[in-house]
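Descriptive analysis of the structure
These are the residues of each chain, in order.
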Amino acid sequence: MKRKKSILGAALAIALLLTAVSLPWDSAVAASGALNLQRIATDGNGDAMNNYAWSVYEYQGALYVGTGRNILYQVGVNLKAMGVIPEDFTLDALTHPNGAIGSQEWAEDMRAEIWRYKDKQWTRVYQSDVVGISGGSVQVPRVSGFRDMLDFTDKNGEAALYASNGSQLAALSDGVSLLFKSTNGSDWSVVSTPSLGSDSRSLAVHNGYLCVGLSYALGQSGQIWASNAPGSDETTWHKIADFTTDGNTAVASMASFNGYLYAGTLNRETGYQVWKGQFDTNDPPQVTWTKVVENGAGDMANVFAGTMKVFKNCLYVGSMSLPVVNGSYVPKGFELIRIDNRDRWKLIVADKKALLPPTDHEAARVPLSGWPGGFANPLNLYCWSLQEYNGTLYLGTFDSSILIVELIKQGVSYEDLDASLRAKLEDALKQILAQAKSYGIPLYVPALKQILAGYGKSTSWSKILNILTSWFCGGDLWKSTNGLSWVPVSLNGLGNPHNYGIRELIVGDSGKLYVGTANPFDGFDVFMDKSRR
């Protein structure tokens, strides 16, 4: 236990030390385009096991949310199976299903849902069924989460909303389903596909085809399949890309840009890649692929090209990193690049020194925004969402700091940190405060003043944690009017530090901005911008 405490204390101290850097700031951007975000759903719509608003989409005048169930619990199960964390380790504050793994009760608690918001009312329009694997002796949900949603009109003129399965639990079951669709939002049916597994992180529409990127599929990870008539005939699907020979294990993001289909990968060995595909006029199309970015854009710790969005005639790509590098806990803030219409890419938000440089002679890394990775917060592991809204690019993060705080609350006190770490933490806070004042960042200053006023005196460690939690924990929401100057809209999960991720940013046909969160403690929130435009 003592070793765990020292590791967690060191992690928090190091995280804050790394935050003490020069912070570029543009007050003109800060004043532009203020949002009036109002919560329209909370606590997973009454079920905290609905952790993630994993997919959010507006279709035919209604808003749809595909949920992810007990997601961090699922991650923990996988890490225990891999021996990364002890079998008896738990984080008490997380939601978890009832019953033993594989039981009917457990499987029912893990069933993903789709909710519809119409006329200011929420209605559950779909709940996954339960299927048997291992000859029926083990029960699993057909879907434990819907990762993505997209509307598509096929070659026959049928318009439908499609939702992709984000579940690894049912990968070995009979009749596994990768895609679901609905033409009216109320009735959902399985889309027939070849045996493509049960996990897709990304959907895209390009040149009249619905494109599905695969992830964690058995033997087929890193592929893209496309159809112009998805429905009950699996022969309409055709493989248009296979990046697995390059070490890629998933297609994490896709976007239609400049007449091409761009695809970003997951590559744990050498960092993410970005490819562009040129479709010919055949049916099915033949697609010629060209690699545009490799080695995680200069840092192989950038393993996911997690998010893509077109803004001002450029394609922005946000990375996602894992907090364990070569077996050690090393938090790595996300990075953001920009690709122009000639496939020249530039670092926008990035560390000047790569954590895992691709060669022995590391090239200079100069982020054009001046911001280091994670917007100077190494615990901002993911750029989880990007969205243009009224001429402004918004970026949502996954900030893992609340997990460290909850672990400390569960068993680590201030006294467990040695004197040198306490001193470094105080120095880091003082540096951050000085820089926050210098750059005029009002979101930082009051909290840091509160902490430093009593640091090492009468202020208890629990009080310091509470202040840090209130002001800094929770996913961030940032904005930029030009893609270079970035300022924060919120640093604390839109007022709820348990919202550790701004998972979805969507602008629907109505022109409104919707925000969906990830919250493994209390269930997701959904917000709608009600400012006048």
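Within any chain, residue numbers begin from 1 and follow the written order of that chain's sequence. pLDDT decides what is reported in this predicted model: residues at 70 or higher carry local features, side-chain atom pairs at 80 or more are listed and counted, and totals for whole chains, interfaces and linings draw on all residues regardless. Side-chain measures here rest on the full set of heavy atoms in the structure, leaving out hydrogens and waters.

Glancing now at the overall build of the chain. The numbering of helices and of strands both runs from the N terminus, where a helix is a DSSP run of H or I of at least 4 residues and a strand a run of E of at least 2. Secondary structure assignment for the chain yields 10 helices and 32 strands. Counting every position in the chain, which comprises 533 residues, the buried fraction comes to 59%. Every residue pair with non-hydrogen atoms within 4.5 Å of one another is taken to be in contact. Taking the contacts inside the chain whose residues are at least 6 apart along the sequence as the reference set, 60% of them involve residues at least 24 apart. Accessible surface for the chain amounts to roughly 21000 Å². Of this, 49% is attributable to carbon and sulfur atoms. Think of it in three bands: with a 1.4 Å probe and only protein chains considered, a residue is buried below 20% of the maximum accessible area for its type, exposed above 50%, and partly exposed in between. Exposure was quantified through the Shrake-Rupley algorithm and a 1.4 Å probe, taking into account, for residues, occlusion by the shown protein chains and nothing else.

Further remarks concern the pairing of strand 4 (residues 113-118). In terms of burial, strand 4 is a largely internal element, 5 of the 6 residues being buried. Paired strands, in this sense, are two strands between which DSSP finds at least two bridges. Pairing analysis gives 4 bridges linking strand 3 (residues 62-69) to strand 4, with the strands arranged antiparallel. Bridge assignment links Gly66 to a residue of strand 4, and that residue is Ile114. Here strand 4 pairs with strand 5 (residues 121-127) via 6 bridges, running antiparallel. Across the sheet, Glu113 pairs through a bridge with Gln127, a residue of strand 5.

Strand order across the open sheet formed by 4 strands is 12-13-14-15, with antiparallel pairing between neighbours. If you trace the sheet from one side to the other, it starts and ends with strand 12 (202-206) and strand 15 (238-242), each paired once. For this sheet the average axis-to-axis angle between neighbouring strands, irrespective of direction, equals 25°. The convention used is that axes are lines fitted to C-alpha atoms, helices contributing only their stretch in contact, and that angles between N-to-C directions extend from 0 to 180 degrees.

It is worth spelling out the side chain of Asp109 at this point. Mapped onto the elements, Asp109 comes out in helix 5 (residues 104-109). When charges are counted, Lys and Arg are positive and Asp and Glu negative, with His and the chain ends excluded. In the sections that follow, a salt bridge refers to a side-chain nitrogen of Lys or Arg positioned within 4 Å of a carboxyl oxygen of Asp or Glu. Buried and unpaired, Asp109 has Arg69 as its nearest opposite-charge partner, separated by 4.8 Å. Not counting chain neighbours up to four residues away, the residues in contact with Asp109 comprise Met49, Arg69, Asn70, Pro97 and Asn98.

In terms of burial, strand 30 (residues 501-507) is largely enclosed, as 6 of its 7 residues are buried. Relative to strand 31 (residues 513-518), strand 30 runs antiparallel, the two being bridged by 6 bridges. The partner of Gly501 across the bridge, within strand 31, is Ala518. Between strand 30 and the antiparallel strand that follows it, strand 31, lie 5 residues; Gly511 among them carries a positive phi value of about 85°.

Before going further, it helps to spend a moment on the pattern of salt bridges. Throughout the structure, instances matching the rule amount to 16 salt bridges. Ionic pairing is found between Glu294 and Lys291, a salt bridge with its closest N-O pair at 3.3 Å. A salt bridge links Asp299 to Lys332; the shortest N-O distance between them is 2.8 Å. Here Lys332 lies in the loop between strand 23 (328-329) and strand 24 (336-339) and Asp299 lies in the loop between helix 6 (295-298) and strand 20 (304-311), a separation of 33 residues in the sequence. When sorted by exposure, Asp299 lands in the same class as Lys332, which is buried.

Okay, the nonpolar core next. The criterion is simple. A nonpolar core is a set of buried Ala, Val, Leu, Ile, Met, Phe, Trp, Tyr and Cys residues joined through side-chain atoms within 4.5 Å. Tyr64, Ile114, Phe146 and Trp188 are the most contacted members of the largest nonpolar core, which has 29 residues in total. Core analysis: the next-biggest nonpolar cluster, separate from the first, contains 28 residues, Leu91, Leu381, Leu403 and Ile408 among them.

The next point concerns the sheet that holds strand 9 (residues 159-165). Read across the sheet, 4 strands follow the order 8-9-10-11 without closing on themselves; strand pairing throughout is antiparallel. Each edge of the open sheet is held by one strand with a lone partner, namely strand 8 (146-153) and strand 11 (189-191). Across the sheet, the mean angle separating the axes of adjacent strands is 35° when strand polarity is ignored. Here 7 bridges tie strand 8 to strand 9, and the two strands are oriented antiparallel to one another. Its bridge partner lying in strand 9, Asp151 is registered against Leu161.

Our next topic: the packing of aromatic side chains. Classification of ring pairs uses Phe, Tyr and Trp, with its six-membered ring standing for Trp, and accepts pairs whose centres are within 6.5 Å; under 30 degrees between planes counts as stacked, over 60 as edge-to-face, and the remaining range as tilted. One pass over the structure, following the stated rule, counts 25 aromatic pairs. Relative to Tyr500, the ring of Tyr52 lies with its centre 6.2 Å away and its plane at 70°, an arrangement referred to as edge-to-face. Of this pair, Tyr52 sits in strand 2 (residues 50-59) while Tyr500 sits in the loop between strand 29 (487-490) and strand 30, and the two are 448 residues apart along the sequence. For Tyr500, a relative accessible area of 0% translates into the label buried. Judged by centre distance (5.1 Å) and plane angle (80°), the rings of Trp371 and Trp478 are edge-to-face.

Moving on to the confidence of the model for the chain. Here the chain averages 85 in pLDDT, while 79% of its residues score no lower than 70. Confidence of the predictor in every single residue is expressed as pLDDT, which spans 0 to 100. Taken as a whole, residues 1-23 scores under 50 in pLDDT and shows 50 contacts with residues more than four places along the chain or in a different chain.

Following Asp283, the chain continues into Pro284 via a peptide bond in cis, with omega recorded as 5°. Inspection of the secondary structure puts Pro284 in the loop between strand 18 (274-279) and strand 19 (287-293). We note that Asn258 has phi near 60°; this positive angle belongs to a residue other than glycine. Along the chain, the position of Asn258 falls in the loop between strand 16 (250-257) and strand 17 (260-266). Asn258 sits in the partly exposed class, given a relative accessible area of 38%. Phi is positive for Asn313, which is not a glycine, with a value near 60°.

A separate point is the environment of Tyr500. Once the C-alpha coordinates of Tyr500 and Asp399 are considered, the two residues, 101 residues apart in sequence, prove to be 5.4 Å apart. One polar contact links Tyr500 to Tyr52, side chain to side chain, over a distance of 2.5 Å. Pairs of N or O atoms are called polar contacts if they sit within 3.5 Å, as long as, within protein, a hydrogen donor faces a hydrogen acceptor (for residues adjacent in sequence, only side-chain-to-side-chain pairs).

A separate point is the side chain of Thr67. Tracing the sequence through the fold places Thr67 in strand 3. A polar atom in the side chain of Thr67 sits 3.0 Å from the side chain of Asn50. If sequence neighbours within four positions are ignored, Thr67 has contacts with Asn50, Tyr52, Trp54, Ala112, Glu113, Trp115, Ser144, Gly145, Phe146 and Phe524.

As for its position among the elements, Pro367 is in the loop between strand 25 (345-349) and strand 26 (380-389). For Pro367, a relative accessible area of 6% corresponds to the buried category. Setting aside chain neighbours within four positions, we find Pro367 in contact with Leu347, Ile348, Val349, Ala350 and Lys352.

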